[in-house]
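The lines below spell out each chain.
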Amino acid sequence: MFRKYAVFSVTFPVLHKINLLLAIAFFATCCYQLVVQEDIVFSLGLLAVMFLLTLFAGSSNSRRKYISFPYSVD
């Protein structure tokens, strides 16, 4: 799964950035609702963000190790 998303992020960098922005906006919304509403249901959104964070971190690691870039400095 990490490798597929790493290939996706290289192939479609704009969509990858949109995914990151949506994850950040979702995290901010869940945090705000959790503080304002004081309802534990909004903490489930934080679990979704943790899943996305794991996906982004794993794909970044896979991308750095296995996918060569035509514009790399090395």
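Everything below is about the structure printed above this text.
Residues numbered from 1 in each chain as written. Predicted model: local features only at pLDDT ≥ 70, side-chain atom pairs only at ≥ 80, totals over all residues. Heavy atoms only, no water.

**Things to note about helix α2 (residues 13-37)**
Right, on to step 1. Here α2 spans 36 Å end to end across 25 residues, near enough to the 36 Å set by a 1.5 Å rise per residue.
Right, on to step 2. Taken together, the buried positions of α2 are His16, Ala23 and Cys30.
Right, on to step 3. One or two steps after α2, the chain reaches Glu38, where phi turns positive at roughly 55°. (Helix = DSSP H or I, 4+ residues; strand = E, 2+ residues; numbered from the N terminus. Expected span 1.5 Å × (residues − 1). Buried < 20%, exposed > 50% of the residue type's maximum accessible area, 1.4 Å probe, protein only.)

**Quick notes on a nonpolar patch on the surface**
Right, on to step 1. A surface patch of nonpolar side chains, amounting to about 480 Å² of accessible area, comprises Phe12, Val14, Leu15, Ile18 and Leu22.
Right, on to step 2. Along the chain, Val14 turns up in helix α2.
Right, on to step 3. Accessibility expressed as a relative area gives 57% for Val14, which makes it exposed. (Patch = residues over 30% accessible without salt bridge, like charges linked within 9 Å, V, L, I, M, F, W, Y side chains within 5 Å. Areas by Shrake-Rupley, 256 points an atom, 1.4 Å probe, with all protein chains shown as cover. Salt bridge = Lys/Arg side-chain N within 4 Å of Asp/Glu carboxyl O.)

**Topic: the packing of aromatic side chains**
Right, on to step 1. Summed over the entire model, instances satisfying the criterion amount to three aromatic pairs.
Right, on to step 2. Relative to Phe56, the ring of Tyr5 has its centre 5.6 Å away and its plane inclined at 45°; by these criteria the two rings are tilted. Here Phe56 lies in helix α3 (residues 43-66) and Tyr5 lies in helix α1 (residues 2-11), a separation of 51 residues in the sequence. Assigned by exposure class, Tyr5 and Phe56 land together as buried.
Right, on to step 3. An aromatic cluster is built from Tyr5, Phe8, Phe12 and Phe56, whose rings are joined through pairwise contacts. (Phe/Tyr/Trp six-rings, centres within 6.5 Å; stacked < 30°, edge-to-face > 60°.)

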